[in-house]
Structure formats: structure tokens, C-alpha cells
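# Chain and residue survey
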Amino acid sequence: MFTKEFVSKLKRTNVSVDGEKTRDRVEALWKPASKTVKDKIEELAGIARTTIYRCYRTGSISVKLIVPMAQLLNVNPFYLTGEVDENTPCTDEVIEDFLNQKGYAKKLKEWKNNSQNKSAKRTKKSELAGDDEAAEVELEVVENEMDTSMDDLSDSEIAARKLEKSTELAAKGSPMPIKSLTPKLQAYVDTLTEEDLVVLLRALMIRAKADEDDAQLATMLKLVLLS
């Protein structure tokens, strides 16, 4: 469906080839239309209702009005101009053919290209959102598995396990280096006092202000502490 943004680029000049047919057909289509449909046509065309009344008094009609009427009343645009006598259903292809014939081929091509680019961006965002949801599900599954397999562990051992799993998950989608929890590193971690941990945490928070990788690590650590 053609948007208000596109319709605003269309001209207000008369394109009717048979004023009498245009006048009679616009009046016959407009009068029985619902208020909702009439309001939508006015909004999409960006014109006042007096312009439409003038159309079925004078038989003049512009492309700017034809496109909204064709879409919302399901009428062939060539029927409104008097170029055909059969009112076939409206489709995007019919409107595109009409616009091409009325000199809007360039504007139509630009609009379609912009629409495709916007659609591609929305698809990319949707895919990224899907990746985030998948990561959340994976983390939830891991945590559930850990909850059922660590009943006999001490609090410090549970914390070490959670840290190890969290770093593994973070490493899958993060460019920052994650240290493996080797036996040597585990032995050193076990010797850290509460004061040591506070100093390390403060140092990390300071580095996080200046480095993106450290900022990611700080965020991950916060999540671990809250889990």
C-alpha cells in the first residue's frame, strides 16, 4: 500500500481524460463510502474535503487523490480518469502501471528501493532480536541444569561453577577474551579474600568507564552476582 509520504510527492494537476465520466464516477463512489473511509482518503491524500466535492462538480481529478481513492475504495485508477469503462479491482500492480503512465516512474522506483531497504533493516533487527532471545533461553537452560546438579556443593563451589558457565556463554558472542578457569587459576581464586575481591571489583569498574570489553565484563559480573 502506498503511504502518505509517497502520496505527498504526487502532483495536484488534473489527469482526467473524460471530465463527465470522472465527475459521475467519483460522486457515485464517494457518497456511499463510510465516514471512516472518507477520513482515511483525506488523510492519505493530504487534501480538504472541499477538493473532493469540487472533483465531482468539475470532473477534474489529480493523481494525488486518485491513488488514495483507488486503494481505499478498491477502484481501478484508470476508471476514475475515464480511460476504461470497467471498474476492475485495485492492485499495487495496477497503481504502479498507472503511475508509470502518468510520469512517476522515477519517483516510484525511488520509493520502492527505499521501502526494500527499510524492510531489510527491519528483518535484520528481527534476526538480532531472535539471537538475543535464543541466548536468554540457553542461559536459562544452563541455570536450570546447574540448579539440579549442584545440591551437594558449597556456596563457594556453586559461585565458581556459575562464573565458569557464565564466562563460557559470554565468550560465544563476545569478542573480548575470557580466561579459562584452569586448576592454577582456581587455586589462586580460592586464596582471594573479601578485601581482595572488593579491590578487584573497584578496579574493574574504573576500567569499564574507558574500555568496552571491560564494560561488558563488568555487566556480566553484575549478572552473576545477582543470579
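Description of the structure in this document. (Residues numbered from 1 in each chain as written. Predicted model: local features only at pLDDT ≥ 70, side-chain atom pairs only at ≥ 80, totals over all residues. Heavy atoms only, no water.)

The next point concerns the environment of Cys 55. One can find Cys 55 in helix H4 (residues 49-58). Once you skip the residues sitting within four places of it in the chain, Cys 55 turns out to touch Thr 22, Arg 23, Val 26, Ser 60, Ile 61 and Leu 65. (Helix = DSSP H or I, 4+ residues; strand = E, 2+ residues; numbered from the N terminus. Contact = heavy atoms within 4.5 Å.)

Another point: the packing of aromatic side chains. The final tally for this structure, using the stated rule, is five aromatic pairs. Here the aromatic rings of Tyr 53 and Tyr 56 are separated by 5.9 Å at their centres, their planes lie at 70 degrees, and the arrangement is edge-to-face. With Tyr 53 and Tyr 56 both in helix H4, this residue pair falls three residues apart, about one helical turn. Here Phe 78 and Phe 98 contribute two aromatic rings whose centre-to-centre distance is 5.2 Å and whose plane-to-plane angle is 80 degrees, an arrangement assigned as edge-to-face. Here the residue Phe 78 occupies a position in helix H6 (residues 77-81), and Phe 98 occupies one in helix H7 (residues 92-101), the gap between them amounting to 20 residues. Comparing Phe 78 with Phe 98, the two get one shared label, buried. An aromatic cluster is defined as three or more aromatic residues linked by ring pairs; in this entry it consists of Phe 2, Phe 6 and Trp 111. A cation sits over an aromatic face here: Arg 25 above Tyr 79, 4.1 Å from the ring centre. (Phe/Tyr/Trp six-rings, centres within 6.5 Å; stacked < 30°, edge-to-face > 60°. Buried < 20%, exposed > 50% of the residue type's maximum accessible area, 1.4 Å probe, protein only. Lys NZ or Arg CZ within 6 Å of the ring centre and 35° of its normal.)

Turning our eyes to something else, we now look at the pattern of salt bridges. This model, assessed by the stated rule, comprises nine salt bridges. A salt bridge links Asp 24 to Arg 23; the shortest N-O distance between them is 3.5 Å. A relative accessible area of 40% means that Asp 24 is categorised as partly exposed. Here Asp 85 makes a salt bridge to Arg 25, at a shortest N to O gap of 2.8 Å. Here Asp 85, found in the loop between H6 and H7, pairs with Arg 25, found in helix H2 (residues 19-30); they are 60 residues apart in sequence, far enough to count as distant. With relative accessibility at 11%, the residue Arg 25 sits in the buried group. Here the salt bridges share partners, and the residues they tie into one network are Lys 35, Asp 39, Glu 42 and Arg 49. (Salt bridge = Lys/Arg side-chain N within 4 Å of Asp/Glu carboxyl O.)

What follows deals with the nonpolar core. Ranked by internal contacts, the top residues of the largest apolar core, which has 35 residues, are Met 69 and Leu 99. Of all elements in the fold, only helix H1 (4-7), H2, helix H3 (35-45), H4, helix H5 (63-73), H6, H7 and helix H8 (105-149) reach the threshold of two or more residues within this core. When residues in this core are grouped by element, the largest group, seven residues, is from H5. Not counting chain neighbours up to four residues away, the residues in contact with Leu 99 comprise Phe 2, Phe 6, Leu 10, Val 63, Val 67, Tyr 104, Ala 105 and Leu 108. (Core = buried A, V, L, I, M, F, W, Y, C linked by side-chain atoms within 4.5 Å.)

At their nearest, the axes of H5 and H7 sit 11 Å apart, and the two run at 170 degrees to each other. Between H5 and H7, the angle is such that the two are roughly antiparallel. Of the residues in H7, those touching H5 at Val 63, Ile 66, Val 67, Ala 70 and Gln 71 are Ile 95, Phe 98 and Leu 99. Within the contact of H5 with H7, the residues separate by chemical class into seven nonpolar, one polar and no charged. (Axes fitted to C-alpha atoms, helices over the stretch in contact; angles between N-to-C directions. Parallel < 35°, antiparallel > 145°, perpendicular 65-115°, else oblique. Nonpolar A, V, L, I, M, F, W, Y, C, P; charged D, E, K, R; others polar.)

Bringing the environment of Leu 80 into the picture now. Looking at the secondary structure, you find Leu 80 in helix H6. C-alpha of Leu 80 to C-alpha of Ser 62: the two residues are 18 residues apart in sequence and 9.9 Å apart in space.

Okay, unusual backbone geometry next. Comment: phi is negative for the bulk of residues other than glycine, and the bulk of peptide bonds are trans. Residue Asn 74 is not a glycine yet carries a positive backbone phi of 55 degrees. By the secondary structure assignment, Asn 74 is in the loop between H5 and H6.

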